[in-house]
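Structural overview for review
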Amino acid sequence: MRIDYEDAAKTITALCEGESDAVALMATVVCELHHRDDRFDWTGFYRVVAPEMLKIGPYQGGHGCLVIPFSRGVCGAAARRGEVQVVADVETFADHIACSSSTRSEIVLPVWNGAGQLLGVLDIDSDRPNAFTQQDAECLASILANTFVDAS
Ligand code: SME
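Residue numbers restart at each chain and count upward from 1, following the sequence in its written direction. The predicted nature of this model means local features are confined to residues of pLDDT at least 70 and side-chain atom pairs, given and counted, to a pLDDT of 80 or more, with totals for whole chains, interfaces and linings taken over all residues. Neither water nor hydrogens contribute to the side-chain values; these are computed over all heavy atoms in the structure.

It is worth spelling out the sheet that holds strand β1 (residues 42-50) at this point. Adjacent strands of a sheet form backbone hydrogen bonds with each other and so pair up, either parallel or antiparallel. At least two DSSP bridges between two strands are required for those strands to pair. Numbering of helices and strands starts at the N terminus; helices are DSSP runs of H or I of at least 4 residues and strands are runs of E of at least 2. Judged by pairing direction, the sheet is antiparallel, and its 6 strands sit side by side in the order β3-β2-β1-β6-β5-β4 without closing on themselves. The open sheet terminates on both sides in strands that have one partner only, identified here as β3 (67-69) and β4 (85-87). Adjacent strand axes in the sheet meet at a mean angle of 25 degrees when their direction is disregarded. Across the sheet, helix α2 (residues 22-34) lies against β1, β2 (53-60) and β6 (118-126), angled at about 165 degrees from β1, the strand it touches most. The axes are straight lines fitted to the C-alpha atoms, using for helices just the contacting stretch, and the angles between their N-to-C directions are given from 0 to 180°. Residue contacts are counted whenever heavy atoms from the two residues lie within 4.5 Å of one another.

Below, the structure is given as structure tokens:
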């Protein structure tokens, strides 16, 4: 099964209408995205909890590591660079943090609110190599921008 991003965006918009609590929004987004695509093996957020520090937020899938400094991993790279990270082969990403031995590829997107505050990152892992595309990056970024615009 492959996600229909237009349908997912409509559902997430409806579910999140009027909500500004970042964790509530994260829980809703993860729940809605994870089950829509067979590529998504682990779907979750890491929240900015202190300068240069991420801590796990709502997720679906196996246990994720609890704390990630901006200096480490694909998540840390997305947070410190402020750019989407599309990793075709995690074995080639220096300092990739393997929460599961089955992860082969990964996409991580920074999450900002409308005031430009970095709230965290969205991390999606796949057990398939080279699972994620530029279209995934663009569609997921659009969903995040619309969902978290008023979040805090
Ligand atoms: N792979 C991520 C760590 C999070 S676990 O995959 C859920 C990283 O390298 O930052």
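Okay, the site of the ligand next. Here a residue is considered near a molecule or strand provided that any single heavy atom belonging to it is located within 4 Å of it. Lining the immediate environment of the ligand, one finds Trp42, Tyr46, Ile68, Gly73, Val74, Cys75, His96, Ile97, Cys99, Glu106, Asp123 and Asp125. Counting only elements with at least two residues in the shell around the ligand, the list comes to β1, α3 (73-81) and β6. Sorting elements by how many residues they give to the shell around the ligand places α3 first, with 3 residues. Residue classes follow a fixed rule: Ala, Val, Leu, Ile, Met, Phe, Trp, Tyr, Cys and Pro count as nonpolar, while Asp, Glu, Lys and Arg count as charged, and any other residue, Gly among them, counts as polar. Broken down by class, the residue content of the shell around the ligand amounts to 7 nonpolar, 2 polar and 3 charged.

We now examine the pairing of β6. Each residue is placed in one exposure class: buried if its accessible area under a 1.4 Å probe, protein chains only, is under 20% of its type's maximum, exposed if it is over 50%, and partly exposed if it falls in between. For β6, the tally of buried residues reaches 9 of 9 residues, placing the bulk of the element in the interior. Across 8 bridges, strand β5 (residues 105-112) lies against β6 in antiparallel orientation. Within β6, the residue paired with Val108 across the bridge is Asp123. In textbook terms, the turn of a hairpin is the stretch between consecutive antiparallel strands, and for β5 and β6 this stretch comprises 5 residues, one of which, Gly116, has a positive phi near 85 degrees.

What follows concerns the packing of aromatic side chains. Only Phe, Tyr and Trp rings are paired, with Trp represented by its six-membered ring, and only when their centres lie within 6.5 Å; those with planes under 30 degrees apart are stacked, over 60 edge-to-face, the remainder tilted. Counting across every chain of the model gives 4 aromatic pairs. Centre to centre, the rings of Phe40 and Phe132 are 6.1 Å apart; their planes meet at 35 degrees, and the pair counts as tilted. Placement of Phe40 in the loop between α2 and β1 and of Phe132 in the loop between β6 and α4 (134-148) is noted, with a sequence separation of 92 residues between them. Its relative accessible area of 5% is what places Phe40 among the buried residues.

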